[in-house]
Amino acid sequence: MEQTLSIIKPDAVANQTIGKIIERFESNHLRIAAMKKIQLSQTQAQDFYAIHKERPFFNDLVQFMISGPVVVMVLEGDNAVARNRDLMGATNPKEAEKGTIRADFAQSIEANAIHGSDSLENAKNEIAFFFKAEEIL
Ligand code: ATP
Ligand code: MG
């Protein structure tokens, strides 16, 4: 069993597609082990995406991530990190495979509906960033 971190980003929360996105996880055997709706602070968004701080889109990405509430979740299942990335689709929704979450719910390469951890090591760090052990059930 693996755990991975998923974030429903401000665009998808504003569009009221939280339920439709969660349905994709549950119907693909990814269990919701933890979940909360939060408003990220600027510092939290900068820290979370610190790996991208030298990229030209960093400031816009941070502004987008704090533009409204997000839903953070721990997903659990066999091969959860890779399977979640498959369900998400490519970063740019125009390149995302048909039937993926980003193809169906994302607007643009920036407002792309969801985040998912890209490795088991990053998943562990990202889960600890948002959740205490006793909040993961
Ligand atoms: P995420 O980390 O959010 O799951 P990802 O792993 O598919 O997405 P990354 O390369 O880690 O993609 O980029 C992080 C986020 O930065 C993207 O999801 C997107 O919101 C934004 N981003 C990436 N590339 C660009 C770009 N060229 N222009 C604008 N925003 C971008
Ligand atoms: Mg990424």
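The protein is annotated in an unreviewed UniProt entry as Nucleoside diphosphate kinase from Helicobacter enhydrae. Regarding the protein, the UniProt comment filed under Function (unreviewed entry) reads as follows: "Major role in the synthesis of nucleoside triphosphates other than ATP. The ATP gamma phosphate is transferred to the NDP beta phosphate via a ping-pong mechanism, using a phosphorylated active-site intermediate."

> Tell me what's going on with the packing of aromatic side chains, and back it up with residues and numbers.
Throughout the structure, instances matching the rule amount to four aromatic pairs. Aromatic side chains Phe48 and Tyr49 sit 5.1 Å apart centroid to centroid with 85° between the ring planes, which places their arrangement in the edge-to-face category. Classification of Phe48 by relative accessible area gives buried; the value is 10%. With a centroid separation of 5.5 Å and an interplanar angle of 45°, the aromatic rings of Phe48 and Phe130 are classed as tilted. One end of the pair, Phe48, is in helix 3 (residues 42-48); the other, Phe130, is in helix 7 (residues 120-130), with 82 residues separating them in the sequence.

> Mind laying out the UniProt feature "binding site: ATP" (unreviewed entry) in the protein, listing which residues take part and the relevant values?
According to UniProt, the "binding site: ATP" (unreviewed entry) feature falls on Lys9, Phe57, Arg85, Thr91, Arg102 and Asn112. Tracing the backbone shows Phe57 in the loop between helix 3 and helix 4 (58-65). Under the relative-accessibility criterion, Phe57 is labelled partly exposed at 34%. By the element assignment, Asn112 lies in the loop between helix 6 (101-105) and strand 4 (114-116). Not counting residues up to four positions away in its chain, the partners in contact with Asn112 are Lys9, Asp11, Thr91, Pro93, Arg102 and Ala106. Here Thr91 takes part through its backbone oxygen, which lies 3.1 Å from a polar atom of the side chain of Asn112.

> Could you give me a rundown of the sheet that holds strand 4, with the residues and numbers involved?
Sheet strands pair via backbone hydrogen bonds, and the direction of the pair is either parallel or antiparallel. Reading across from one edge, 2-3-1-4 is the order of the four strands in this open sheet, with antiparallel pairing throughout. Looking at which strands have only one partner, the edges of the open sheet turn out to be strand 2 (31-38) and strand 4. When strand polarity is set aside, the average angle formed by the axes of neighbouring strands in this sheet is 20°. As judged from the three bridges shared by strand 1 (residues 2-8) and strand 4, these two strands associate in the antiparallel manner. Pairing of Ile7 across the sheet is with His115, part of strand 4. Sheet strands in contact with helix 7 are strand 1, strand 2, strand 3 (70-77) and strand 4, and its direction is about 60° off that of strand 1.

> Can you lay out helix 2 (residues 18-27) for me, pointing to particular residues and giving the numbers?
Listed in full, the buried residues belonging to helix 2 are Ile21, Ile22, Arg24 and Phe25. All buried residues of helix 2 fall inside an arc of 145° around its axis, so they share one side. Along helix 2, the residues that are exposed and aim more than 90 degrees away from the buried face are Lys20 and Glu26. His29 sits one or two residues past helix 2 and shows a positive phi near 60°.

> Report on the site of ligand 1, specifying residues and quantitative values.
Around ligand 1, the structure places 14 residues, and the nearest of them are Lys9, Tyr49, His52, Thr91 and Asn112. A distance of 2.9 Å separates an oxygen atom of ligand 1 from a polar atom in the side chain of Lys9. Contact between ligand 1 and His52: an oxygen atom at 2.9 Å from a side-chain N or O atom of the residue. Bound to the protein, ligand 1 loses 81% of the 580 Å² it would expose on its own. Elements represented by at least two residues in the shell around ligand 1 include exactly helix 5 (80-88) and strand 4.

Calculation criteria
- Residues numbered from 1 in each chain as written.
- Chains lettered and ligands numbered in written order.
- Predicted model: local features only at pLDDT ≥ 70, side-chain atom pairs only at ≥ 80, totals over all residues.
- Heavy atoms only, no water.
- UniProt positions renumbered as here; feature names shortened; annotations may be inferred.
- Phe/Tyr/Trp six-rings, centres within 6.5 Å; stacked < 30°, edge-to-face > 60°.
- Buried < 20%, exposed > 50% of the residue type's maximum accessible area, 1.4 Å probe, protein only.
- Helix = DSSP H or I, 4+ residues; strand = E, 2+ residues; numbered from the N terminus.
- Contact = heavy atoms within 4.5 Å.
- Polar contact = N/O pair within 3.5 Å; in protein donor to acceptor, adjacent residues only side chain to side chain.
- Pairing = 2+ DSSP bridges.
- Axes fitted to C-alpha atoms, helices over the stretch in contact; angles between N-to-C directions.
- Arc of directions from axis to C-beta.
- Near = heavy atom within 4 Å.
- Areas by Shrake-Rupley, 256 points an atom, 1.4 Å probe, with all protein chains shown as cover.

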